[in-house]
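Structural characterization, general
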Amino acid sequence: MDDYISKPLEKAKLLALLGRIAAGSSAEQPTWRLEAPLPLAEALAAPPVFSGAELLDRLDGDEALLQRMIALFQADTPRLLDEIRAALSRQDADDLARTAHALLSSLGAFRAERALRMTRVLERMGEQRDFTNAQQRFSELETEIAHIDDALGNLMGDLAVTTI
């Protein structure tokens, strides 16, 4: 493997990588790296939601696609939160890590940095089988997800396309 692009994919990075591959050059070092555990203070310091303008720009202005993404997020997220809540009540570390990872994928599509960082904390708690303050971390994540859901609802109201 010569290179790697992490999710969420960015059009500019993907095109640059494809250009290097087509030219037969891998001048840039691979972009992957192992992440150290994220301190809680850093997790909470990220911006609270996401940039709707940046999100729409990454989708090349495709408002219908954005609406579909929002609908999927709003359909899947409550189920994932319920699964995390259940894993915490059972103190099932494997389910906590797995479900938090699934939620990361969903949040990553919107680059909801603060929620991403909070979810990574929960994922790592599951991986490390450490439930210390996990319920409090989850409550904070639920609050942040509610802010994201509100922001997505406002963004949906601003979009011109009404067909999903």
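Residues numbered from 1 in each chain as written. Predicted model: local features only at pLDDT ≥ 70, side-chain atom pairs only at ≥ 80, totals over all residues. Heavy atoms only, no water.

**Brief notes about the overall build of the protein chain**
The helix and strand tally for the protein chain stands at 7 helices and 0 strands. In sequence order, the secondary structure elements of the protein chain are arranged as α-α-α-α-α-α-α. The proportion of buried residues among the 164 residues of the protein chain is 36%. In the protein chain, once contacts between residues fewer than 6 apart in sequence are set aside, the share between residues at least 24 apart is 70%. For the protein chain, the accessible area works out to roughly 9500 Å², and carbon and sulfur atoms hold 54% of it. (Helix = DSSP H or I, 4+ residues; strand = E, 2+ residues; numbered from the N terminus. Buried < 20%, exposed > 50% of the residue type's maximum accessible area, 1.4 Å probe, protein only. Contact = heavy atoms within 4.5 Å. Areas by Shrake-Rupley, 256 points an atom, 1.4 Å probe, with all protein chains shown as cover.)

**Quick notes on helix α7 (residues 134-158)**
For α7, built from 25 residues, the straight-helix expectation of 36 Å at 1.5 Å per residue is met to within 8% by its first-to-last C-alpha distance of 36 Å. Of the residues making up α7, those classed as buried are Ala134, Arg137, Phe138, Leu141, Glu144, Ile145, Ile148, Leu152 and Leu155. (Expected span 1.5 Å × (residues − 1).)

**Some points on the pattern of salt bridges**
It is possible for side chains bearing opposite charge to pair when their charged atoms get close. Counted according to the given criterion, the structure contains 10 salt bridges. Two residues, glutamate 83 and arginine 79, come together in a salt bridge whose shortest N-O distance is 2.9 Å. Taken together, the residues glutamate 83 and arginine 79, both in helix α4 (residues 63-90) and 4 residues apart, mark about one turn of the helix. Here glutamate 83 falls in the partly exposed class, since its relative accessible area comes to 26%. A single network of salt bridges, built from pairs that share partners, joins Arg79, Glu83, Arg90, Asp92, Asp95 and Arg98. (Salt bridge = Lys/Arg side-chain N within 4 Å of Asp/Glu carboxyl O.)

**A few points about helix α5 (residues 93-108)**
Between the first and last C-alpha of α5 there are 22 Å, a value that for 16 residues agrees with the 22 Å anticipated at 1.5 Å per step. Taken as a whole, α5 has its buried residues at Ala93, Leu96, Ala97, Thr99, Ala100, Leu103, Leu104, Ser106, Leu107 and Gly108. For α5, the elements touching its buried residues are α4, α6 (113-128) and α7. The N-terminus of α5 is capped by aspartate 92, whose side-chain oxygen sits 3.2 Å from the backbone nitrogen of aspartate 94. (Polar contact = N/O pair within 3.5 Å; in protein donor to acceptor, adjacent residues only side chain to side chain.)

**Some remarks on the packing of aromatic side chains**
One pass over the structure, following the stated rule, counts 1 aromatic pair. Seen from their ring centres, phenylalanine 73 and phenylalanine 110 are 5.2 Å apart, and the 75° between their planes marks the pair as edge-to-face. Remark: phenylalanine 110 occurs in the loop between α5 and α6 and phenylalanine 73 occurs in helix α4; sequence separation between them is 37 residues. According to the relative accessible area criterion, phenylalanine 110 is buried, its value standing at 3%. (Phe/Tyr/Trp six-rings, centres within 6.5 Å; stacked < 30°, edge-to-face > 60°.)

**Quick word on the side chain of threonine 99**
Checked against the element boundaries, threonine 99 lands in helix α5. Residue classification places threonine 99 among the buried residues on the basis of a relative accessible area of 0%. Within the local environment of threonine 99, its side chain forms a polar contact with the backbone oxygen of aspartate 95, the two atoms lying 2.8 Å apart. Setting aside chain neighbours within four positions, we find threonine 99 in contact with Leu80, Glu83 and Ile84.

**Some remarks on unusual backbone geometry**
Notably, glutamine 91 is not glycine yet its phi reads approximately 50°, a positive angle. The topology assignment puts glutamine 91 in the loop between α4 and α5. Judged by its relative accessible area of 54%, glutamine 91 is exposed. In the Ramachandran plot, asparagine 133 falls in the positive-phi region, its phi being about 65° despite a non-glycine side chain. By secondary structure assignment, the location of asparagine 133 is in the loop between α6 and α7. Given the relative accessible area of 45%, asparagine 133 is considered partly exposed.

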